[in-house]
2 protein chains.
Amino acid sequence: MTEAARADQPRTSGDAADVDTIELLALVAHLQHVAFGRLAEDAAAAPHVAQQLELSRLAAAAVVRRDRVLARVTELGGDPEARIGAYAELLDDFDSRTQPSTWWERLLRSYVAEGVSDDFCRIAAGAVDERSRVLLTEVLDDAAHAELAVAELESAGSQDAVLVSRLALWGRRLAGEALGVVQQALAGHPALVRLVNRPAAGGSADAAVTGAGAPAGTADEAAPRLFGELTAEHTRRMSRLGLTA
Amino acid sequence: MTEAARADQPRTSGDAADVDTIELLALVAHLQHVAFGRLAEDAAAAPHVAQQLELSRLAAAAVVRRDRVLARVTELGGDPEARIGAYAELLDDFDSRTQPSTWWERLLRSYVAEGVSDDFCRIAAGAVDERSRVLLTEVLDDAAHAELAVAELESAGSQDAVLVSRLALWGRRLAGEALGVVQQALAGHPALVRLVNRPAAGGSADAAVTGAGAPAGTADEAAPRLFGELTAEHTRRMSRLGLTA
């Protein structure tokens with residue numbers, strides 16, 4: 001391979017594993033970029049100044065997280081703009097099918113969509129190199145927005161039983177659409193299927209690398225266990241709000 | 001004055017000057033908050049991934065600047081949310097009258113609106129206490145977005161004479177509307193008139209305080225010199241883009 005040809009390839013050892021890792025990093029970076037855009041919209045739509053200020057801070061924090069993840073893409077030899085761009089249309093269907101009609105529906109949409117996508121990324125992150133995994137875990141664990149949504153939705157729900165039952169219905173629809181996005185991501189990105197099917201690296205830095213090049217399985221093979229986990233976590237999150245999943 | 005009554009008042013010495021300073025700080029904070037929202041919209045509308053990433057970084061930086069200014073409002077004994085909220089509707093007319101129909105019109109709108117408002121705030125900042133003035137100058141001098149707009153508009157204009165003449169026309173309309181916003185701000189906020197009419201503090205920390213309580217003049221008295229300066233600066237900015245103001 002010539003130097004010029006290598007420029008597009010990861011430059012570290014363990015190329016196959018790095019290619020998969022870059023794909024996951026780019027997905028997380030894309031989701032943080034989307035979160036930024038959504039939080040900025042939320043900030044513009046929020047009824048009170050205090051909410052506007054707080055939501056814009058969360059939007060800014062998403063940009064910082066996204067850029068940390070993109071820096072790791074660069075470290076592994078990937079092209080951040082090209083890799084993040086590959087996910088540009090992933091959420092188009094989700095967005096057009098889940099237009100919120102109220103502030104509460106909007107809050108719940110973020111809560112459900114981020115919950116499902118973060119869980120998916122956390123599972124896939126179990127199979128990458130230690131440094132990437134630590135970074136991804138930090139980024140995914142930053143749950144400040146979820147706390148805000150929980151507090152607001154709980155206090156709204158405690159005063160309004162009709163709202164609670166409407167939001168429970170909305171939450172079920174959102175979960176179905178969000179799981180559809182996961183399926184679509186797996187179908188379009190075989191690297192993600194490989195990561196989800198690879199044994200988690202756990203504490204060992206070598207396990208993920210060892211798994212590279214192993215038979216990846218298909219999106220369908222990944223499905224039952226993965227979707228079971230994602231659904232269980234969604235149910236747990238909804239019950240935190242007092243909503244039936 | 002009772003302790004309870006004092007709670008709503010600035011708690012430092014030189015109360016009258018601080019009240020005016022807080023009003024200016026809140027205006028700058030509001031404008032940074034608006035810049036955040038606009039940059040976030042720009043990021044969503046930008047045609048290329050690289051622009052999306054860069055614009056979202058600028059949006060995040062505006063949040064950081066806003067919060068630095070709001071921290072100073074708190075230091076001077078003001079209520080950041082209430083003070084920033086007082087400007088919530090200032091730009092409504094400007095926004096509805098200057099809906100951009102292209103990406104270039106959008107870029108130029110930001111360039112003109114931020115140029116005029118930053119110039120106004122810089123002039124008013126000449127009359128506040130030194131610490132606030134240093135902070136405001138730092139915040140207002142952060143011209144990263146202007147650089148981006150200049151580069152993009154220049155390179156677009158160099159290839160398209162029709163675009164240049166359309167943008168020159170658009171720029172004149174934007175300047176008129178932006179000066180209208182300044183007039184509206186002065187009419188609604190006597191503190192800003194006092195600052196603009198007060199002799200600039202220059203290097204002396206005492207001058208602004210000395211000016212407090214002096215006859216403020218009216219918005220109309222402030223007008224000729226102020227609007228002359230704002231227009232001259234606008235003309236200079238447009239010529240940087242090769243546009244006739």
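Everything numeric in this text was worked out from a predicted model, so none of it was measured.

## Digging into the overall build of chain A
In step 1: When you go through chain A residue by residue, the secondary structure sums to 12 helices and zero strands.
In step 2: Ordering the α and β elements of chain A from the N terminus gives α-α-α-α-α-α-α-α-α-α-α-α.
In step 3: Here chain A, with 245 residues, has 49% of them falling under the buried criterion.
In step 4: Sequence separation of at least 24 residues holds for 81% of the intrachain contacts in chain A that already meet a minimum separation of 6.
In step 5: Surface summary for chain A: the accessible area is close to 10,800 Å², and the carbon and sulfur share equals 54%.

## Brief notes about the pattern of salt bridges
In step 1: For the structure shown, the criterion picks out 44 salt bridges over all chains.
In step 2: Its salt-bridge partner being Glu41 of chain B, residue Arg106 of chain B comes within 3.6 Å of it at the nearest N-O pair. Of this pair, Arg106 of chain B sits in helix 6 (residues 103–125) while Glu41 of chain B sits in helix 2 (residues 15–45), and the two are 65 residues apart along the sequence.
In step 3: The partner of Arg65 of chain B in a salt bridge is Asp142 of chain B, with the nearest N and O atoms 2.8 Å apart. Linking Arg65 of chain B in helix 3 (residues 49–75) with Asp142 of chain B in the loop between helix 7 (130–141) and helix 8 (144–157), this pair joins segments that are 77 residues apart in sequence.
In step 4: In this structure Arg65 of chain B comes out as buried when scored by relative accessible area, which is 13%.
In step 5: Shared partners join several salt bridges into a network, and the residues in it are Arg38, Glu41, Asp42, Arg106 and Glu114 of chain A.

## Considering the interface of chain B and chain A
In step 1: Contacts between chain B and chain A engage 19 residues on the former and 19 residues on the latter.
In step 2: When the buried area of chain B at its contact with chain A is split by residue, Phe36, Leu53 and Glu81 of chain B rank highest and sum to 29% of it.
In step 3: At the boundary of chain B and chain A, one finds two salt bridges.
In step 4: Here Arg57 of chain B and Asp67 of chain A are joined by a salt bridge, their closest N and O atoms 2.6 Å apart.

## As for the nonpolar core
What tends to happen in soluble globular proteins is that the nonpolar side chains get buried as a cluster.
In step 1: Counting 146 residues, the largest nonpolar core has Leu24, Leu108 and Phe120 of chain A together with Leu24, Leu108 and Phe120 of chain B as the members making the most contacts within it.
In step 2: Not counting residues up to four positions away in its chain, the partners in contact with Leu108 of chain A are Leu153, Leu167, Trp170, Gly171, Leu174, Met238, Leu241 and Leu243 of chain A.

## Things to note about the relation of the copies chain B and chain A
Related by rotation about an axis and a shift along that axis, the two copies of the chain form a pair.
In step 1: The two copies are related by a screw operation: chain B maps onto chain A through 180 degrees of rotation and 0.0 Å of translation along the axis, at an RMSD of 0.0 Å. Taken together, the rotation angle and the small translation identify this as a two-fold axis. In terms of proximity to the rotation axis, the leading residue of chain B is Ala60 of chain B, whose C-alpha is 2.1 Å off the axis.
In step 2: Interface overlap between copies: 100% of the residues of chain B at the interface are likewise at the interface in chain A, consistent with a symmetric, same-surface contact.

## Examining helix 6 of chain B
In step 1: Compared with the 33 Å implied by 1.5 Å per residue over 23 residues, the 32 Å span of helix 6 of chain B between its first and last C-alpha is a close match.
In step 2: Within helix 6 of chain B, 18 of the 23 residues are buried, which leaves it mostly tucked inside the rest of the structure.

## A word on the side chain of Thr21 of chain A
Residues and elements named next belong to chain A.
In step 1: Inspection of the secondary structure assignment puts Thr21 in helix 2 (residues 15–45).
In step 2: The class of Thr21 is buried, set by a relative accessible area of 2%.
In step 3: In this structure, Thr21 is in contact with Leu76, Val128, Asp129 and Ser132, ignoring residues within four places of it in sequence.

## Overview of the confidence of the model for chain A
All names here are of chain A.
In step 1: Chain-level statistics for chain A give a pLDDT mean of 85 and a share of 83% at 70 or above.
In step 2: Across residues 1–13, where pLDDT falls below 50, the model places 19 contacts with residues more than four positions away in sequence or in other chains.
In step 3: Between residues 203–214, whose pLDDT stays under 50, and residues either more than four places distant or in other chains, the model counts 15 contacts.
In step 4: What the predictor reports for the complex is a pTM of 0.80 with an ipTM of 0.80.

## Some points on the packing of helix 6 of chain B against helix 9 (residues 161–188) of chain B
Residues and elements named next belong to chain B.
In step 1: One way to put it is that helix 6 packs onto helix 9 with a least axis distance of 9 Å and a crossing angle of 35 degrees. Read as a crossing pair, helix 6 and helix 9 show a hand that is right-handed. On helix 9, the residues touching Trp104, Glu105, Leu108, Arg109, Val112, Val116 and Phe120 of helix 6 are Leu163, Arg166, Leu167, Trp170, Gly171, Leu174, Ala175, Ala178, Leu179, Val182 and Leu186.
In step 2: Residues belonging to the contact of helix 6 with helix 9 are distributed by class as follows: 14 nonpolar, one polar and three charged.

Rules behind the numbers
- Residues numbered from 1 in each chain as written.
- Chains lettered and ligands numbered in written order.
- Predicted model: local features only at pLDDT ≥ 70, side-chain atom pairs only at ≥ 80, totals over all residues.
- Heavy atoms only, no water.
- Helix = DSSP H or I, 4+ residues; strand = E, 2+ residues; numbered from the N terminus.
- Buried < 20%, exposed > 50% of the residue type's maximum accessible area, 1.4 Å probe, protein only.
- Contact = heavy atoms within 4.5 Å.
- Areas by Shrake-Rupley, 256 points an atom, 1.4 Å probe, with all protein chains shown as cover.
- Salt bridge = Lys/Arg side-chain N within 4 Å of Asp/Glu carboxyl O.
- Buried area = accessible area lost by both parts, 1.4 Å probe.
- Core = buried A, V, L, I, M, F, W, Y, C linked by side-chain atoms within 4.5 Å.
- Least-squares fit on C-alpha atoms with pLDDT ≥ 70 in both.
- Expected span 1.5 Å × (residues − 1).
- pLDDT = per-residue confidence, 0-100.
- Axes fitted to C-alpha atoms, helices over the stretch in contact; angles between N-to-C directions.
- Left-handed = near helix turned anticlockwise from the far one by under 90°.
- Nonpolar A, V, L, I, M, F, W, Y, C, P; charged D, E, K, R; others polar.

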